[in-house]
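What follows is each chain in one-letter form.
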Amino acid sequence: MMAASLVRRDKKATAAQLKADLNRTDDGSGARMLQDLLDCVLNPEMQAGDTEALEWCKCLLAGGDAFDEFCKTVRSYDNATLCGLVWTANFVAYRCRTCGISPCMSLCAECFNNGDHTGHDFNMFRSQAGGACDCGDSNVMRESGFCRRHRSKTGENVPSIPRDLLLMSEMVLPRFIIHIVQHLREGYTEPEAGAERDLQKVLQQLEPHISFLEELTKMGGAMRTVLTKILTNQQTFKDLSMGQEDNVYAKKNYDKYLAALKSSGLVSAEEKAGAGGADALPGAHSLPGAAAEASAGSVKEEDQDGGQNVGQRKRVKLSSSTKDKSIMDALKHKCFLEELLFWTIKYEFPQKMVTFLLNMLPDQDYKIAFTKTFVQHYAFIMETLMRSHESDTMSNRIVHISVQLFSNEELARHMTEECQLLDIMVTVLHYMMESCLIKCELQDEENSRHVVVNCGEPLLKNNTYWPLVSDFINILSHQSVAKRFLEDHSLLILWMSFVSFFQGMNLNKRELNEHVEFESQTYYAAFAAELEACAQPMWGLLTHCKVKETQEYTKTVVRYCLETLQMWFDAIGFVDEPAPNQLTFHLPLHRYYAMFLSKAVKCQGIDLDSLLPDQEMLMKIMVHPLQIQASLSEIHSNMWVRNGLQIKGQAMTYVQSHFCNSMIDPDIFLLQVCASRLDPDYFISCVFERFKVVDLLTMASKHQNAVLEPEQERPMLEGALTFLVLLTSLRIHLGMADDEILRAEMVSQLCMNDRTHSSLLDLIPENPNPKSGIIPGSCSFEAMLSAVADFKAPVFEPGGSMQQGMYTPKAEVWEKEFDPIMVVLRTVYRRDVQSAMDRYAAFLKQTGMHSGNPWPPYKERTPLHPCYRGLVKLLHCKTLHIVIFTLLYKISMDHPNMSEHVLCMVLYLIELGLDNLVQEDREDEEPSIEEHCHDSWFPGTSLLSNLHHVINFVRVRVPENAPEVKKEPPPSTSSDPAAAGQNLREAQVFSLVAERRRKFQEIINRSSREADQAVRPKASSGRWAPTPPLVTEILEVRESMLSLLLKLHRKLSALQDPFSPERLDEPPASATRRTHGDGVTAIERILAKAAAHSRHSRRSILELCARNAPPVPPRKHSPSDKKTMDKEERRQKARERQQKLLAEFASRQKSFMETAMDVESPDGDVAMDLDALEQPESEVLYDCVICGQSGPSTDDRPTGLVVLLQATSVLGHRCRNTEPKKLPTSDEEHIYPADTCGAVHDVRLTLLQRFFKDSSCLQSVSIGWDGGVYVQTCGHTLHIDCHKSYMESLRNDQVLQGSSVEKGEFTCPLCRQFANSVLPCQPGQATERGVWHGHTNKGLTVLVKEVEELQDQLGAFPTESNLTKEMESVIKDIKNTTQKKYMDYGKTPGSPDNDFLFMYSVARTNLELELVHRGGDLCCGGASAAAKRSCLNQLFHVLAVHMRLYSIDSAYNPWTRLTQITCSRHADSTCNGDSPEVPMLFRDVPSLLIIFVLTMPQPLRKEHFTCMVKVLYTLQFTQALTALCVRLGPDERQAWSTSGALKKGLANADRCWEALLSHAINELSRGRNVYEDDGDHMSMLSSSVWSPQSIEYSLQQFCLPFLRLSCLLQHHLYGDNLAGCPKEDEFSVLAGCLGFSPLALLPSGPSYSASFLEWPVCAFDLMSQWCAEVTGLAGMQADDSQTLLVQDPQWAAPHLLQLPENYNTIFQYYHRKACSYCKKVPKDPALCLVCGTFVCLKGMCCKQQSFCECVLHSQACGAATGIFLLINASVIIIIRGHRFCLWGSVYLDAHGEEDRDLRRGKPLFLCEERYRVLGQQWVSHTFDHINKRWGPHYNGL
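These numbers come from a predicted model, not from an experiment.

Rules used in this analysis
- Residue numbers here run from 1 along each chain, matching the order of that chain's written sequence.
- Reporting in this predicted model follows two pLDDT cut-offs: at least 70 for local features of residues, and 80 or more for side-chain atom pairs to be given and counted; totals over whole chains, interfaces and linings ignore these cut-offs and use all residues.
- Water and hydrogen atoms play no part in the side-chain values, which are based on all heavy atoms of the structure.
- Helix and strand definitions follow DSSP, with helices as H or I runs of at least four residues and strands as E runs of at least two, each counted in order from the N terminus.
- Only protein chains enter the accessibility calculation, which uses a 1.4 Å probe. A residue is then buried if its area is under 20% of the maximum for its type, exposed if over 50%, and partly exposed in between.
- Contacts are residue-level and defined by heavy atoms, with any inter-residue pair within 4.5 Å sufficient.
- Computed with the Shrake-Rupley method and a 1.4 Å probe, the accessible areas treat only the protein chains shown as cover for residues.
- Strands qualify as paired when DSSP identifies two bridges or more between them.
- The arc under discussion is defined with respect to the helix axis, by the directions toward the C-beta atoms.
- Throughout this description, the term salt bridge denotes a Lys or Arg side-chain nitrogen within 4 Å of a carboxyl oxygen of Asp or Glu.
- In this scheme, patches are assembled from residues that exceed 30% relative accessible area and form no salt bridge. Like charges are connected within 9 Å, while nonpolar side chains (Val, Leu, Ile, Met, Phe, Trp, Tyr) are connected within 5 Å.
- Only four residue types enter the charge count: Lys and Arg as positive, Asp and Glu as negative, with His and the chain ends excluded.
- The atoms used to mark charge sites are NZ of Lys, CZ of Arg, CG of Asp and CD of Glu.
- For every element, the axis is a line fit to its C-alpha atoms; helices are fit only across the contacting stretch, and the angle between N-to-C directions ranges from 0 to 180 degrees.
- An angle below 35 degrees is read as roughly parallel, one above 145 as roughly antiparallel, one from 65 to 115 as roughly perpendicular, and any other as oblique.
- Should the near helix be turned counterclockwise from the far one by less than a right angle, the crossing is left-handed, whereas a clockwise turn marks it as right-handed.
- Each residue is assigned to one of three groups, with Ala, Val, Leu, Ile, Met, Phe, Trp, Tyr, Cys and Pro labelled nonpolar, Asp, Glu, Lys and Arg labelled charged, and all others, Gly among them, labelled polar.
- Under the pairing criterion, centres of Phe, Tyr and Trp rings, with the six-membered ring standing for Trp, must be within 6.5 Å; the plane angle then separates stacked pairs below 30 degrees from edge-to-face pairs above 60, leaving the rest tilted.
- As used in this structure description, the phrase polar contact means that two N or O atoms lie within 3.5 Å; if the pair is within protein, one of them must be able to donate a hydrogen and the other to accept it, and residues adjacent in sequence are counted only when both atoms belong to side chains.
- Every residue carries a pLDDT, the predictor's confidence in it, which falls somewhere between 0 and 100.

K.L.:
Explanation requested: the overall build of the chain in the structure shown.
P.N.:
Check the secondary structure of the chain and you find 75 helices and 28 strands. In the chain, which comprises 1837 residues, the share counted as buried stands at 57%. Within the chain, contacts between residues separated by at least 24 positions form 79% of all contacts whose residues are at least 6 apart in sequence. As presented, the chain carries roughly 76,000 Å² of accessible surface, and 53% of it is formed by carbon and sulfur atoms.

Now the structure itself:
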């Protein structure tokens, strides 16, 4: 009852009272009251979503204080020394390899930035699974890397916590936690019930409660200690877990919980009961390595039934039953922590729960308790994971937890010792894989007893096993744990049996008839599984077997490997031959064996022979790796083509950099070991048999091959020889040091292609276990890289493609270290080998070492480790020598299917043999001679002596129709007994197969009867039609290897130039010349080596050279030799012709590209003579690039220029300041847009519209600063009708990517430049040019009158024609280019005045932009941006035709107000109540000029143009003076007025600025509205002191923009050249160009701007009239009129924002910044580089009418051009209208590389050059031309 009354009272007061009671009383009444209250508040039957309970808890914890205050107080007692900040997926964290002890170490941004990591090897990364900050944890990282906050031992100076502060927490929280637990029990339903969705609902309701717990953990160490006590206290759990006896609800929940617990074991109770009978399963076989095959299985019941059809699976159990039970039994809980984790698992790891459990980790006691709990639940976790539908999310969350626990060596060791962590992991892994085993079909499909994992199962396909394997690798990285593993034999046996599940998985069977229907992609899963589940743990173990002391471990592993391999051979029923047409790439047992052997010899000094099995086992071991090597060759010879592309994918993955050192390297090493210990003849014959080329190795010119198609023979033979070269020359595991290996790997990758630093890191196979200590980016890598390669800085190519920083091999590397064999081993694509050879050839050509087509250079090898000396025997065995002899003979006789590559490999083998000579042991040799069946060929096994051994006759088996059969039997020599003997014994030579079998039988010592059965008859394939029977023929040869080599030398050198013996004695200095070259060089090198090593060989060579008539092949062949010679010559000539043609074509193409494609630089070459000024003909002729005809443009068939119209705001973004604005990177910095050109002009127009008549306002300014239309052309012309049909064809094709034909977009048919309109050319412009171009002597007044008359002429409507139609359509295009808002500035939208303003502003925009492209002034002179590429002339013509339709009312014509003194009309107009006209002094002078030019009849005479410019200059000058008046201070004004008044009487007063200034000052002072307040406002404008020089300078600067524009206009209208000049003379030079005649006062001195004035009427009267217009304005305030008077026409060039040097500055500020519009942190934040606005890319939050924010902003800021930096990707995207493209990045790392998406996370720095190029493309509007990869954005960016 009491509780009920308490509940109704005020929470704070009650809490305070209870706290006081608890502190005061000893009788426990306070505690009782509290418990009663909690019973009531935390009643489990209440809804979980009820917040009342939470409010009560907060108040009770705070004991009456405010909860926030309470939090603060508790935090002040925080004694934690660890950061422990927990983050979830996608959080940005840092990893520093320099500071990390564990490779999983990570830091939050705050700790990273507060620590000192300068010069360290660190990177930023996006967390995939979540993580926690390790700052302060010395188990995981070095203390030097701690941040300032965690470096000091914070805990030491924290006061101890007062007891009463957390008293309430200790009482309330246990009840709060059981409250959560009860809801979790209540809400849980087993998945079968189909109530999956309800789990989410339960979690949603509990969200506030769990968040509250999370909040508590963040209060620091003191609160965490309280929580740890509660969570781990067993008594509390006992007391509360059951709930009160009388509470039915709690009881029901408790029963549910118990039921859930029961099913948590991996073995159900019934299974335990029936365990005894498990042995009696029918047909169960014992899996290899299962020590005790008794009972308690680990396969669930349902799996057992489901799996029956795929072969019975014996249940595997560990030998020690105690271990097993603890892993398999149902769970029992003793504290809240255990139950909370249990529910966390059941609910599939909800993020909030995970974060809460991890937030507690900084508490050490908790960490240990939690790790134990986690290990205890480990098997249960993995079982839940296997059943989960969301296994990806769940995997990430599991690893998020486990990586925090197992990265700590101390903790991992503790768990291994106390909780059998290793046993649990291995058992669970084993158990996991057992759920998806199938029968292995390798070898003996019917009777195989081996089982393998099925790679198609979700478990493997989705990498579900990943968290478990990841944890296993993690704990094996700790030495103490790995040692325990290696010492525990039962574990090793279980592990080997686990590895054997992968041995032979994903078996491929070669399709011989049909193409396979369905290409399975399971091979990805298979390779990933072998790498992650087998190879990575192997590398982890190998790390700990590096020193002599660990020899025993290696021996144990090797022993179990061999045992398991033996079991595997037995299980698959393997005898001696691999099954044909089967291939598996997965032999992890072989690879374990190989890698432990390699480590044993290399690091531990163990004798190799002590680890090797008997010969028979070695023969078996070698079969499957050899099968893979042969199959690789088959795959590349297209023999597996019917298996689809996936088989090629497998072959490529097998050698790919991430897999090669766990796959092909161990395989080749194992074969090298076998080769070094087995009989060489046996090994060699095995190789040729596996490669299926035995039949080809005959001296006969024709043969039959039962297994290969003719076109496959050559690639297979090349494959076999290349493999032998690889086998005998690779030294990766045979004695190379780690540094040498790294160097060789690096050189081979760089030789294939230049590489970026990151791709090189990726391509160099590192020890795949990241904890191995070979850290990519470690100093040895960098040192090695700088030793072998030169860095090529990133360059920007004119085509627009951006290069990254590349590394390219140094010259001496090409010269001495290029190793084609290593390249062959490491190439994933065959074309890379060719690429390496091409680069090598180019290097030789460039350095002048060799000009032809070089052969792969021969490279000396590192000496072999003594253990592997046996490998050399391969090069010194008769079988190989016979093969070499045969092939040399076949090549010299031009037999089919021999290639240069075959010869190259044969020579390589000979040379290897000569470099690796075996000591001749005569006594060994003798006894064995008898059994060698081929001693008839060669006397011994030494290559040196066999080289000069002559072979006379060979007996061959040939088809009847072979040319050899036709010959007469050889003369009497056949009766010579020796020869006959030779011939008889010869028959066995080529039965390599029989030879190999004999060896095998000998070793195995079987009886001959069994042997006969073992040898299966070779399937003579029935594919060939009846084959001609084989006949035995005897071939006369009489050659030795040396004679054949000399013959080939003659043949290759193609000159009948015999090998001169002097070359044998060349000094070794020329050795380098000998290394590089073609076949001739190679043969010379071999002959020289042979001669050097053996006197006998030397003698033979000299004799052979001395014979004048070298032995010729039978005459039958001689014509063919001659033929080949002719053929060669013809080929050579044809090649030369082709080269010549290609070169010519290339140069043509180049010159075309230079003329047509030069879009990058505005002052580039010129494509076409457009204006055709120089042409004397009467009409301009245009070439149509579509129909190719040339002709004038006519009214009926107009020609047009290909143009691109685009809206632009570049001019509007100009500022006064020449320095670009800085991008803000802190809250204090801002960008103010008010000072931009666009903003200033807007303000001005608005101000004018307030006071003056609208139509007059619209003629007094220009618009188009923002959203103006820029017109550019590539300079090509076409007939407009041709263009229409071209567009029609594009519409049907729809080929152009990223452009839209509907919008009129196309590419120029000639140069492929992007365009969207055609600008008609006016007909016949050359005829009148002479008339209206000439100079004139008429006076200014006459001309003024003429101009006025011309203006009064009405614009006649032109007659309707095709030309006018086109002109109208192009005007429509121009209007459609920009948005409506950029055209309507008038008060009445759509009025003609608006249209008029827009039209003349288009002209203004294009002129202004050209000025910007020229650098803002005309000092450079010269033709325009591409004089002949400019379309301004045509554009002016089109605009003029359009604007003539608007006539200017003569009453308001500004011309009269410029040139006449009129009676004041102002008074009248103001009285009428109309707004007045805009005063002349407020008008924009360049706009007036353009209006006059465009509205007067065309063509305009030059004299009239000059007259207008002169008149307008007077106005511009007066404006400059009035602006100056306003800026002068009152005293200065007085002074200048007085001094100027004295000069008024002078003769040329109207050309003297002092007089004019004085007049202006006085005139303006007549009104009250100009300098009314001489207060603060003006003092800001006035500069300190005005000298005559500074006044003159300011007047010139004010007038210069007008002069520049007039000059440019004159240049385009009349083709006048622009003279270049130094900057200081620009004013006078421009004035001269415009025809101003200065007053010759001071001919030598600097020009004065006033001296160029020519007034049409009295200067002072005109000025008074203009000033009166301003002073007469009644309603205008002084500051308004000042704003309008002080217009400064000077603008700096447009710039993009200035970016900080380091990208991290931008990233840290913006990636967490909230969007100003939606107030959320965007998922993809972006920055506009033009104005600095922060926007959400693709964010739905900021979408308006289906437009996303970036697209909207690009329209507002850049008139549909946007340049955005994507913060999270460091790349720039360009939006242009409806398209977008990825531009690249302007931030590069230290190696000159982009880091798109910040995947590598290395520090990035601004690349000034790239940023400059980006700015240049923006200003020059060339994004469309330079960037090629555009796509539509559908307004979704």
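K.L.:
Looking at this structure, how should I read helix α17 (residues 351-359)?
P.N.:
Along an α-helix, a turn takes 3.6 residues, which lines up residues three or four apart on a common side. Of all 9 residues that make up α17, 7 are buried, and the element is covered over most of its length. For α17, the set of buried residues is M353, V354, T355, F356, L357, L358 and N359.

K.L.:
Looking at this structure, I do not really get the pairing of strand β23 (residues 1761-1766). What am I missing?
P.N.:
Side chains on a regular strand alternate between the two faces of the sheet. Of all 6 residues in β23, 6 are buried; the element is thus mostly enclosed. Along β23, one buried face is formed by T1761, I1763 and L1765 and the opposite face, lined by G1762, F1764 and L1766, is buried too. Relative to β23, strand β21 (residues 1725-1728) runs antiparallel, the two being bridged by 3 bridges. Looking at β23, one finds that C1728 is bridged to F1764. Pairing analysis gives 5 bridges linking β23 to strand β24 (residues 1772-1776), with the strands arranged antiparallel. Directly across from T1761, in β24, lies its bridge partner R1776. Connecting β23 to the next strand, β24, in antiparallel fashion are 5 residues, including S1770 with a positive phi near 65°.

K.L.:
Explain helix α5 (residues 67-75) to me, please; I cannot follow it from the model alone.
P.N.:
Listed as buried for α5 are F67, F70, C71 and V74. Each buried residue of α5 lies within a common arc of 100° when the element is viewed along its axis, so the set occupies one face. The exposed residues of α5 that point more than 90 degrees off its buried face are D68 and K72.

K.L.:
Please explain the pattern of salt bridges as it appears in this structure.
P.N.:
Side-chain pairing between opposite charges can occur once the charged atoms of the two side chains come close. Enumeration according to the criterion identifies 65 salt bridges in this entry. Between D1395 and K1375 there is a salt bridge, with the nearest N and O atoms lying 2.9 Å from each other. A residue pair is termed long-range when its members are at least 10 positions apart, and D1395 in helix α59 (residues 1392-1413) and K1375 in helix α58 (residues 1362-1377) qualify at 20 residues. By relative accessible area, D1395 is classed as buried at 17%. Classification of K1375 by relative accessible area gives partly exposed; the value is 23%. Residues joined in a network through salt bridges with shared partners are E860, E911, D915, R1085 and K1089.

K.L.:
Can you walk me through unusual backbone geometry in this structure?
P.N.:
Outside of glycine, negative phi angles account for most residues, and trans bonds account for most peptide bonds. Non-glycine residue E348 carries a positive phi angle of around 60°. With respect to the element layout, E348 can be found in the loop between α16 (336-346) and α17.

K.L.:
Would you explain a negative patch on the surface in this entry?
P.N.:
Side chains of D65, D68, E69 and E215 sit close together on the surface and give a patch of like negative charge. With respect to the element layout, D68 can be found in helix α5.

K.L.:
Looking at this structure, how should I read the packing of helix α64 (residues 1502-1527) against helix α68 (residues 1588-1614)?
P.N.:
As a packed pair, α64 and α68 sit with axes 10 Å apart at the nearest point and diverge in direction by 160°. Of the possible angle classes, the one that applies to α64 and α68 is roughly antiparallel. At the point where α64 passes α68, the crossing takes the right-handed sense. Along its contact with α64, which presents K1502, F1505, V1509, L1512, Y1513, Q1516, F1517, Q1519, A1520, L1521, A1523 and L1524, the element α68 presents I1591, S1594, L1595, F1598, C1599, F1602, L1603, S1606, L1609, Q1610, L1613 and Y1614. Across the contact of α64 with α68, the residue classes tally to 18 nonpolar, 5 polar and 1 charged.

K.L.:
Please explain the packing of aromatic side chains as it appears in this structure.
P.N.:
Two descriptors summarise a pair of aromatic rings, namely the distance from one centre to the other and the angle between the planes of the rings. This model, assessed by the stated rule, comprises 57 aromatic pairs. Summarising the aromatic geometry, the rings of Y257 and F342 are spaced 6.2 Å apart at their centres and angled 75° between planes, so their arrangement reads as edge-to-face. Placement of the pair is Y257 in helix α12 (residues 248-262) and F342 in helix α16, with a sequence separation of 85 residues. Of the two residues examined, Y257 and F342, each falls in the buried class.

K.L.:
Would you explain the sheet that holds strand β17 (residues 1268-1279) in this entry?
P.N.:
With antiparallel pairing, the 3 strands of this open sheet are ordered in space as β17-β16-β20. In this open sheet, the two strands that pair with only one neighbour each are β17 and β20 (1317-1320). When the angles between neighbouring strand axes are averaged without regard to direction, this sheet yields 40°. Here 9 bridges tie strand β16 (residues 1199-1208) to β17, and the two strands are oriented antiparallel to one another. When the bridges of β17 are listed, T1208 appears paired with G1268. With respect to the sheet, helix α55 (residues 1280-1293) is in contact with β16, β17 and β20, its orientation differing from that of β17 by roughly 100°. Strands in contact with helix α60 (residues 1432-1443) are β16, β17 and β20; relative to β20, the strand with the most contacts, it is inclined by about 75°.

K.L.:
So what exactly am I meant to see when it comes to the environment of L1481 here?
P.N.:
Examined against the element boundaries, L1481 turns out to sit in the loop between α62 (1466-1471) and α63 (1485-1495). A relative accessible area of 0% places L1481 in the buried class. In this view, L1481 contacts L1515, T1518, Q1519, T1522, W1666, C1667, V1670, L1685 and Q1687; residues no more than four positions away in its chain are not counted.

K.L.:
What am I meant to see in the sheet that holds strand β2 (residues 92-96) here?
P.N.:
The pairing of strands in a sheet comes from backbone hydrogen bonds and takes either a parallel or an antiparallel form. The strand order β3-β2-β4 describes an open sheet built from 3 strands, whose pairing is antiparallel. Of all strands in the sheet, those bounded by a partner on one side alone are β3 (107-108) and β4 (122-126). Sheet topology places β2 next to β4; 5 bridges connect them, and they run antiparallel. The residue of β4 that forms the bridge with C96 is F122.

K.L.:
Just to check I follow, could you spell out the side chain of D471 for this structure?
P.N.:
In this structure, D471 sits in helix α24 (residues 466-476). Its relative accessible area of 1% is what places D471 among the buried residues. Looking at D471, its side chain comes within polar contact range of the side chain of Y378, at 2.7 Å. When sequence neighbours within four positions are dropped, the list of residues in contact with D471 reads Y378, S402, F406 and M425.

K.L.:
Explanation requested: the environment of L361 in the structure shown.
P.N.:
You can see L361 is positioned in the loop between α17 and α18 (364-376). When the C-alpha positions of L361 and V86 are compared, they lie 9.6 Å apart, and in sequence the two are 275 residues distant. Apart from the residues lying within four places of it in its own chain, the contact partners of L361 are Y366, K367, F370, Q404 and L405.

K.L.:
Can you walk me through the packing of helix α30 (residues 615-636) against helix α31 (residues 645-655) in this structure?
P.N.:
Each pair of packed helices gets described by two things: the angle between the helix axes and the distance between those axes. Where α30 contacts α31, the axes come no closer than 10 Å and their chain directions differ by 130°. With respect to α31, the axis of α30 lies oblique. Viewed along their axes, α30 and α31 form a crossing whose handedness is left-handed. Between α30 and α31, the residues in contact are I628, Q629, L632 and I635 and I647, K648, A651 and Y654, respectively.

K.L.:
What am I meant to see in the side chain of H850 here?
P.N.:
Tracing the backbone shows H850 in the loop between α40 (830-847) and α41 (878-892). Residue H850 is classed as buried on the basis of its relative accessible area of 15%. Dropping the residues within four chain positions of it, H850 is found in contact with L844, K845, G1077 and D1078.

K.L.:
Looking at this structure, how should I read the environment of G1545?
P.N.:
Mapped onto the elements of the fold, G1545 is located in the loop between α65 (1530-1541) and α66 (1553-1564). The sequence separation of G1545 and A1555 amounts to 10 residues, and the corresponding C-alpha distance is 8.7 Å.

K.L.:
Please clarify how the confidence of the model for the chain should be interpreted in this entry.
P.N.:
Predicted coordinates in areas of low pLDDT are best not read in detail. Scored by pLDDT, the chain has a mean of 80; 80% of the residues are at 70 or more. At the level of individual helices and strands, the chain shows its lowest average pLDDT in helix α43 (residues 922-929), which scores 34, and its highest in helix α32 (residues 664-677), which scores 96. Across residues 268-323 the pLDDT falls below 50, and counting only partners more than four positions away or on other chains, this stretch makes 87 contacts in the model. Low confidence marks residues 1108-1123, where pLDDT is under 50. Its contacts with residues over four positions away, or in another chain, come to 10 contacts.

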